Amino acid sequence: MARDTGSPRQDAESDFLRARRHQTLSQLAGWLRADPQAARESLSFTEAVQALGRRGERRLGVRLIPLDQIVGSVDKVRDFDRRFRPTSDRSRQRWERVSRLAREGHALPPIQVYKLGNLYFVSDGHHRVSVARAMGQREIEADVTEIDTVIDTEGIGGRRDLDAKNWGLRFLKRVPLTGHRRAAISCTDPTDYHRLAEMVEAWACRLMHAEGAYFDKETMARRWFDEEYTPVLEMIDRAGVRGPDETGADAYIRVAGERYRLIREHDWNMDVLEVIRDQQARRRRASPGGSVRA
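Residues numbered from 1 in each chain as written. Predicted model: local features only at pLDDT ≥ 70, side-chain atom pairs only at ≥ 80, totals over all residues. Heavy atoms only, no water.

Trainee: What is the right way to look at the confidence of the model for the protein in this model?
Mentor: Atomic detail in the predicted coordinates should be set aside for any region of low pLDDT. For the protein, the average pLDDT comes to 85, and 81% of its residues sit at 70 or higher. Put simply, helix α10 (residues 270-286) is where the protein has its lowest mean pLDDT, 62, and strand β4 (residues 111-116) is where it has its highest, 97. This model gives residues 290-294 a pLDDT under 50, and the stretch forms 14 contacts once residues within four places in sequence are excluded. (pLDDT = per-residue confidence, 0-100. Helix = DSSP H or I, 4+ residues; strand = E, 2+ residues; numbered from the N terminus. Contact = heavy atoms within 4.5 Å.)

Trainee: Looking at this structure, how should I read the sheet that holds β4?
Mentor: Hydrogen bonds between backbone groups are what pair the strands of a sheet, and the pairing can be parallel or antiparallel. Spatial ordering of the open sheet is given by β1-β3-β5-β4-β6-β2, a layout of six strands whose pairing is mixed. The sheet is open, and its two borders are formed by β1 (43-44) and β2 (54-66), each paired with just one other strand. (Pairing = 2+ DSSP bridges.)

Trainee: Where do I start with the pairing of strand β3 (residues 70-73) in this structure?
Mentor: Relative to β3, β1 is paired through two bridges, and the arrangement is parallel. Bridging across to β3, Ser44 finds its partner in Ser73. Pairing of β3 with strand β5 (residues 119-124), which is carried by three bridges, proceeds in the parallel orientation. Directly across from Gly72, in β5, lies its bridge partner Phe121.

Trainee: Hey, could you run me through the packing of aromatic side chains in this one?
Mentor: In this description, a pair of aromatic rings is defined by centroid distance and the angle of the planes. One pass over the full model with this rule turns up nine aromatic pairs. Between Phe225 and Tyr229, the aromatic rings sit 5.4 Å apart at their centres with planes inclined by 35 degrees, giving tilted as the arrangement. Residue Phe225 and its partner Tyr229 are both found in helix α8 (residues 217-239); the two are separated by four residues, about one turn of the helix. With respect to burial, Phe225 and Tyr229 carry one shared label: buried. (Phe/Tyr/Trp six-rings, centres within 6.5 Å; stacked < 30°, edge-to-face > 60°. Buried < 20%, exposed > 50% of the residue type's maximum accessible area, 1.4 Å probe, protein only.)

Below, the structure is given as structure tokens:
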């Protein structure tokens, strides 16, 4: 929190030194946790858009936005950490000048940000954000442009989460599900989206051979979800072979792999699922703890 000695210049200097000290301690804690990227840099707007996919944008105008939802930058990712504390002394004079103006009660212009879901990325006003956070403010005035993304921003806390989101984006490029069909597909392990896309494409290839016809990706995605995924998931649930922590997509990927490994067939029926259930029961009995992941 900001401290007031009655001297804006002295307080601005103290604000900067305190922000730098907290950033250094946070970075050190990251190294001790073997996670040096945890607090090192803010998120990159460019990387976020590439990971999530861009469909369009619209200007929302000037409004108050929460400071704790400003997580990244357009072009200064190395100058500030995730909490917008300065990572070096390079811009100390500018930082202290902004802090002094704020302490003296001067009106500062709105910052400029891009909004992706519930996250904001600064294009202009990085020092104003940093000073506002150092002074304990909760909101800041911003001129907002919203970017419409293909993948949502839920659960993004760092670059690793962007990589995970990008697996989902690549899946949708190969299997362009929409609406409720798209919302129903979720893989716990992001790399499984690649495996699932291959399964969908293989299923569509077999179907096209069987029907002697070609259909586009949109038709492939819709028919796979309606004619394969939905009824198979219902069979999996009836047979009781879905693991307690598995999503529908997790269960489909695992059981489909088990099916082919055990019987070398692509057909689905309850007899196949009985074989898989028997295999799971034998593994549970053989494991030391008496249970395995379903």
